Amino acid sequence: MPLRERSLGVQRVEQVGAYTLLVLRNDGLEVGVPGQFFMLQADPEPAAAYLPRALSAAWADEREIAFLVDVLGAGTAALAVASRVRVVGPLGAGFAIQPGPSVLVGGGIGAAILPWLARTVGEQRRVVLGFRSEAHAICAALIDPEATVVLDPVLVTEPLARMMPVAGTVYACGPDPMLHAVAALCAEHHVPCQLAMEAAMACGYGACYGCAVKIDGVWKRLCVEGPVLEAGRVLAAR
Amino acid sequence: MSSLHADLCGIPLAHPLVNGSGTLDALAAGTLGLAAFVTKTVTLNPRAGNPPPRIAETPSGMVNSIGLANPGLERFCADHLPRLGELGVPVVVSVGGWSHDEYAEAVRRVSADPATAAVELNVSCPNVETGCISIGTDPDETRALVELCRSLTDLPVFAKLSPSVADVAVIATAAAEGGADGLVLVNTVRGIAIHRDTLRPLLGGGGGGLSGPAIKPVALHAVHASYAATGLPIVGMGGLANTQDCIEMLAAGATAVGLGTALFRDPGLPSRIVAELPSELGRRGFPDVAAVRGIAHQIDTEAQPELDGLQR
């Protein structure tokens, strides 16, 4: 399984509220499916950040690959001002799209991977998003203008609970406590649920063993098993 | 164009680049063009590894606390080793343990499989409380362990040493006295990362091992000192990130060079170095890789005037 690696030119960078949208010109890189991820590093490499950053695409096709980035440290800051970006991927397992209706649940920067998923699952979808501020919530427009949006301290599980039982599949991405709460709610109502999880990664392709997450009750590499997991595999671990 | 062939204790290598133990899962990602594959350290019993977070980025490198996560000797031999034998490159199996008996059992078992080309004794993991690291900090323990393991296999035995000791040459000498065929230097340097907000240790295992370009001078020194002390074949590693780094490591005394953390950020690196190395060695007048080895130890008065030009 050869790893695919490219240096892609930056097409545009724009502020989307509190987040930064980084759009790369695609140059023949296979884009994979929503929920898979790429390792990104500014090219030439930034002096202040040694490791690449693991990000799932906001959307991707043969023309462009877009990432919604929460600029927090040196690595993401370098990406936001880069003219080229080195990209390895797609990596890991993405969402297994199921036929029928769906509910997309996003929390904070977890919403970054939902625009592509929303386009892929089609019209029979509802979207529930939670953010810590109005500025962070502006990116909801990229996903679905009709999304239900809640702001801190309201949790996404409140509107989601009112939708239960959902006929169809729940797809969620966000902080761990949110994912566990969504998974528990879905399990209670016997609703199939897939979680896109997050962990710090050095490599993204199974080499470093850094991204350990409790999966099936034991520490496993998220980059190999996930990052999208059937919720039961995570719930069983608790 | 210079030849890249290397001979590591009788193991022919197409070129001098291998991976550091624990920095590649060849079953998941292939061998990335490396000339040999070194496994993640296997221990008698399966280990889940340390709780996350397991990695932290630091200036010019990273600190890790993986904790020797591995499937255990039984499953490794039954399931992993046969598949590793099909990779098409020599396989060096890295073993660890909490007693001499555990190392001995691992050496016996992995040596019985035709897929194993050599054995690496990891006596230098910084991420476990006892066992591996404590053996590698004590010359007498190191000598005794190497001697025992040397007697249990016909394959080349390497000792993987830590730079986090007072004098690495003392440990290297002890390994040589115990009969080690070669050395692997260096494992990660003991380090710790503090969370910038909580001011508590960032990694789940508390401390960890520092790797990446930050430790390159430490690694070069350890290889330089161990080559001078023992003359043994050495797989030199620690912060190597490009062709120039690899040549410097050979000059310090390495027979082959290991890439580790650099693979995480750049899986295409081995192929690029292998492509650059022949012309880079040729440009400097070296006919092959062996000709570079240890050249940093030669006091070459003829070359001084040119280098001294800036200082005058």
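Residues numbered from 1 in each chain as written. Chains lettered and ligands numbered in written order. Predicted model: local features only at pLDDT ≥ 70, side-chain atom pairs only at ≥ 80, totals over all residues.

J.: Explain the overall build of chain B to me, using residue names and the numbers behind them.
T.: If you tally the helices and strands in chain B, you get 11 helices and 14 strands. Expressed as lengths along the three principal axes of its C-alpha atoms, the size of chain B is roughly 60 × 50 × 40 Å. Relative to its full complement of 312 residues, chain B shows a buried share of 56%. In chain B, the share of contacts with a sequence separation of at least 24, taken over all contacts with a separation of at least 6, comes to 71%. (Helix = DSSP H or I, 4+ residues; strand = E, 2+ residues; numbered from the N terminus. Buried ≥ 20, exposed ≤ 12 C-beta atoms within 10 Å, placed from the backbone. Contact = placed C-beta atoms within 7 Å.)

J.: Describe the sheet that holds strand E12 (residues 208-211) of chain B, with residues and values.
T.: Hydrogen bonding along the main chain pairs the strands of a sheet, whether they run parallel or antiparallel. All names here are of chain B. Taken together, four strands build an open sheet; the order of strands is E5-E6-E12-E11 and the sheet is antiparallel. Both edges of this open sheet fall to strand E5 (55-58) and strand E11 (189-191), since each of them pairs with a single strand only. When strand polarity is set aside, the average angle formed by the axes of neighbouring strands in this sheet is 35 degrees. Strand direction decides the pairing type here: strand E6 (residues 61-64) and E12, joined by three bridges, are antiparallel. The residue bridging Met 62 from the neighbouring strand is Ser 211, located in E12. (Pairing = 2+ DSSP bridges. Axes fitted to C-alpha atoms, helices over the stretch in contact; angles between N-to-C directions.)

J.: Please provide a residue-by-residue account of the interface of chain A and chain B, values included.
T.: Taken together, the 24 residues of chain A in the interface contact 25 residues of chain B. Among the residues forming the side of chain A that touches chain B, the class breakdown is 20 nonpolar, three polar and one charged. (Nonpolar A, V, L, I, M, F, W, Y, C, P; charged D, E, K, R; others polar.)

J.: Hey, could you go over the environment of Leu 121 of chain B for me, with residue numbers and the actual values?
T.: Residue and element names in this part refer to chain B. Positionally, Leu 121 belongs in strand E8 (residues 116-122). Sequence spacing of Leu 121 and Gly 85 is 36 residues, and the spatial spacing of their C-alpha atoms is 20 Å. Not counting residues up to four positions away in its chain, the partners in contact with Leu 121 are Val 95, Tyr 103, Leu 145, Val 146, Cys 149, Val 157, Phe 158, Ala 159 and Lys 160.

J.: Quick rundown of helix H6 (residues 176-188) of chain A? Include the residues and the values.
T.: All names here are of chain A. Taking 1.5 Å per residue as the helical rise, H6 with its 13 residues ought to reach 18 Å, and the 18 Å between its terminal C-alpha atoms agrees with that figure. Taken together, the buried positions of H6 are Met 178, Leu 179, Ala 181, Val 182, Ala 183, Leu 185 and Cys 186. Residue His 190 follows H6 closely and has a positive phi angle near 55 degrees. (Expected span 1.5 Å × (residues − 1).)

J.: I'd like a rundown of the nonpolar core, residues and numbers included.
T.: Of all hydrophobic cores here, the largest spans 197 residues; its most connected members are Val 182 and Leu 195 of chain A together with Leu 121 and Leu 183 of chain B. The dominant element in this core, judged by the number of residues it contributes, is H6 of chain A, at seven residues. Summarising the domain contributions, this core has at least three residues from each of domain 1 (5-91) and domain 2 (102-235) of chain A. The contact partners of Val 182 of chain A, leaving out residues within four places of it in the chain, are Val 105, Thr 157, Leu 160, Val 170, Ala 172 and Cys 193 of chain A. (Core = buried A, V, L, I, M, F, W, Y, C linked by C-beta atoms within 7 Å. Domains from an automatic or database assignment.)

J.: How would you summarise the sheet that holds strand E4 (residues 53-55) of chain A if you had to cite specific residues and measurements?
T.: Residue and element names in this part refer to chain A. Strand order in the open sheet formed by seven strands is E4-E3-E7-E1-E2-E6-E5, with antiparallel pairing between adjacent strands. Looking along the sheet, the strands with just one partner apiece sit at the ends: E4 and strand E5 (59-60). One ladder, built from six bridges, connects strand E2 (residues 19-25) with strand E6 (residues 64-69); its direction is antiparallel. Bridge pairing in E6 links Arg 25 to Glu 64.

J.: Explain unusual backbone geometry residue by residue, including any values.
T.: Of note, the bond from Gly 89 of chain A into Pro 90 of chain A is cis; its omega dihedral lies within 30 degrees of zero at 5 degrees. Tracing the backbone shows Pro 90 of chain A in strand E7 (residues 84-91). With an omega of 5 degrees, the peptide bond between Leu 185 of chain B and Val 186 of chain B qualifies as cis. As for its position among the elements, Val 186 of chain B is in the loop between strand E10 (182-185) and E11.

J.: Account for the packing of helix H8 (residues 243-252) of chain B against helix H10 (residues 269-283) of chain B, with residues named and values stated.
T.: Residues and elements named next belong to chain B. For the pair H8 and H10, the least separation of the axes is 9 Å and the interaxial angle reads 60 degrees. The orientation of H8 with respect to H10, classified from their angle, is oblique. As H8 packs across H10, the resulting crossing turns out to be right-handed. Residues Thr 243, Cys 246 and Ile 247 of H8 touch H10, and the partners they reach there are Ile 273, Glu 276, Leu 277 and Glu 280. In terms of residue class, the contact of H8 with H10 is made up of four nonpolar, one polar and two charged. (Parallel < 35°, antiparallel > 145°, perpendicular 65-115°, else oblique. Left-handed = near helix turned anticlockwise from the far one by under 90°.)

J.: Please provide a residue-by-residue account of helix H2 (residues 114-121) of chain A, values included.
T.: All names here are of chain A. The buried fraction of H2 is high, at six of eight residues. Residues of H2 that are buried include every one of Leu 114, Pro 115, Trp 116, Leu 117, Ala 118 and Val 121, and no others. In this structure, the buried side of H2 is in contact with E5, strand E8 (102-107), strand E9 (125-131), helix H4 (140-143) and strand E11 (169-173). Count one or two residues on from H2 and you reach Gly 122, which has phi positive near 90 degrees.

J.: Hey, could you go over the pairing of E6 of chain B for me, with residue numbers and the actual values?
T.: Residue and element names in this part refer to chain B. Neither face of E6 is left uncovered, since the one carrying Gly 61 and Val 63 and the one carrying Met 62 and Asn 64 both have all their residues buried. Sheet analysis places E5 next to E6, joined by four bridges and oriented antiparallel. Note on E6: the bridge partner recorded for Ala 56 is Val 63. Where E5 folds back onto E6 in an antiparallel hairpin, the turn is made up of two residues, including Ser 60, whose phi is positive at roughly 55 degrees.

J.: Let's hear about the packing of helix H5 (residues 139-150) of chain B against helix H6 (residues 168-177) of chain B: which residues, and what values?
T.: All names here are of chain B. Relative orientation of the contacting elements H5 and H6 amounts to 30 degrees, with a least axis distance of 7 Å. When the axes of H5 and H6 are compared, the pair comes out roughly parallel. Crossing of H5 over H6 shows right-handed handedness. Across the interface between the two elements, Pro 139, Thr 142, Arg 143 and Val 146 of H5 pack against Val 170, Ile 171, Ala 174, Ala 175 and Glu 177 of H6.

J.: Give a detailed account of the domain arrangement of chain A, specifying residues and quantitative values.
T.: All names here are of chain A. Taken domain by domain, chain A comprises domain 1 (5-91) and domain 2 (102-235). Taken together, the contact pairs 19 residues of domain 1 with 23 residues of domain 2. Looking at the side of domain 1 that touches domain 2, the elements with two or more residues in it are strand E3 (37-42), E5 and E7.

J.: A description of the environment of His 100 of chain B should follow, citing residues and the corresponding values.
T.: Residues and elements named next belong to chain B. Among the structural elements, His 100 can be located in helix H3 (residues 100-111). The spacing of His 100 and Ala 144 is 44 residues in sequence and 8.6 Å in space, taken between C-alpha atoms. Non-local contacts of His 100, meaning those with residues more than four positions away in its chain, are made with Leu 145 and Leu 148.

J.: If you had to explain the pairing of E6 of chain A to someone new, which residues and values would you point to?
T.: Residue and element names in this part refer to chain A. Among the six residues that make up E6, five are buried, leaving the element largely enclosed by the rest of the structure. Taken together, the two bridges between E5 and E6 define a ladder with antiparallel strand orientation. If you follow Ala 60 over to E6, its bridge partner there is Ile 65. Hairpin connection, E5 to E6: the antiparallel pair is bridged by three residues.

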